[in-house]
Amino acid sequence: QVQLVESGGGLVQAGGSLRLSCAASGIIFSINTMGWYRQAPGKQRELVATRTNTGSTNYAPSVKGRFTISRDNAKNTVYLQMNSLKPEDTAVYYCALDMRVGWEQKRYWGQGTQVTVSS
């Protein structure tokens with residue numbers, strides 16, 4: 001089975017920075033997309049940023065220019081560098097891994113890590 005373990009969340013003041021990490025273990029196929037989603041209280045989970053194994057990235061407009069996603073393919077690890085944080089970035093951040101398993105496209109989720117930005 002695939003497991004995703006996140007780390008790096010916490011409490012930070014507005015304008016500060018945090019770096020999230022997510023390590024995937026288990027049977028990981030080389031062609032995949034890893035990324036970050038977030039869910040604030042009372043809101044739906046939303047995409048933050050994704051990065052494919054070939055380096056293509058996708059960012060939510062609200063974080064573009066402030067957040068940077070990177071990954072180490074050899075370690076099956078994805079990172080999210082978050083700068084210029086705003087109170088509206090407060091949410092539980094979830095790591096996700098998308099890959100094809102047989103004929104199915106599957107998504108695996110981490111347990112989530114809390115990010116709180118105080119004003």
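Residues numbered from 1 in each chain as written. Predicted model: local features only at pLDDT ≥ 70, side-chain atom pairs only at ≥ 80, totals over all residues. Heavy atoms only, no water.

S.K.: Which parts of the structure should I look at to understand the nonpolar core?
M.R.: Within the largest apolar cluster, 29 residues are counted, with the highest numbers of intra-cluster contacts made by Trp36, Leu80, Met82, Tyr93 and Leu97. Looking at which element gives the most residues to this core, the answer is strand β9 (residues 91-101), with five residues. (Core = buried A, V, L, I, M, F, W, Y, C linked by side-chain atoms within 4.5 Å. Buried < 20%, exposed > 50% of the residue type's maximum accessible area, 1.4 Å probe, protein only. Helix = DSSP H or I, 4+ residues; strand = E, 2+ residues; numbered from the N terminus.)

S.K.: So what exactly am I meant to see when it comes to the sheet that holds strand β7 (residues 67-72) here?
M.R.: Backbone hydrogen bonds hold the strands of a sheet together, and the pairing may be parallel or antiparallel. Spatial strand order, β1-β3-β8-β7: four strands in an open sheet with antiparallel pairing. The sheet is open, and its two borders are formed by β1 (3-7) and β7, each paired with just one other strand. Taken pair by pair, the neighbouring strands of this sheet meet at an average axis angle of 15°, ignoring direction. Bridge count between β7 and strand β8 (residues 77-82): six bridges; the pairing is antiparallel. (Pairing = 2+ DSSP bridges. Axes fitted to C-alpha atoms, helices over the stretch in contact; angles between N-to-C directions.)

S.K.: Sorry if this is basic, but what is going on with unusual backbone geometry here?
M.R.: What is expected of a backbone is that most residues other than glycine have negative phi and most peptide bonds are trans. Phi at Asn76 is positive, roughly 50°, even though this residue is not glycine. Among the residues examined, Asn76 registers a relative accessible area of 21% and is labelled partly exposed. Phi is positive for Ser84, which is not a glycine, with a value near 50°. With respect to the helices and strands, the residue Ser84 is situated in the loop between β8 and β9.

S.K.: Please explain the pattern of salt bridges as it appears in this structure.
M.R.: Oppositely charged side chains can pair when the atoms bearing their charge come close. A full pass over the atoms with the stated rule returns four salt bridges. Residues Arg107 and Asp98 are paired through a salt bridge, measuring 2.7 Å at the closest nitrogen-oxygen approach. Looking at Asp98, the relative accessible area reads 15%, which means it is buried. Beyond isolated ion pairs, a larger network of salt bridges with shared partners links Arg38, Glu46, Arg66 and Asp89. (Salt bridge = Lys/Arg side-chain N within 4 Å of Asp/Glu carboxyl O.)

S.K.: Hey, could you run me through the pairing of strand β3 (residues 18-25) in this one?
M.R.: Two faces, one strand: in a regular strand the side chains alternate between the faces of the sheet. Summarising the sheet, β1 and β3 pair through five bridges and their orientation is antiparallel. Bridging across to β3, Ser7 finds its partner in Ser21. Summarising the sheet, β3 and β8 pair through six bridges and their orientation is antiparallel. Within the sheet, the bridge partner assigned to Cys22 lies in β8 and is Val78.

S.K.: Just to check I follow, could you spell out the environment of Leu11 for this structure?
M.R.: Of note, Leu11 is situated in strand β2 (residues 10-13). When the C-alpha positions of Leu11 and Trp109 are compared, they lie 22 Å apart, and in sequence the two are 98 residues distant.

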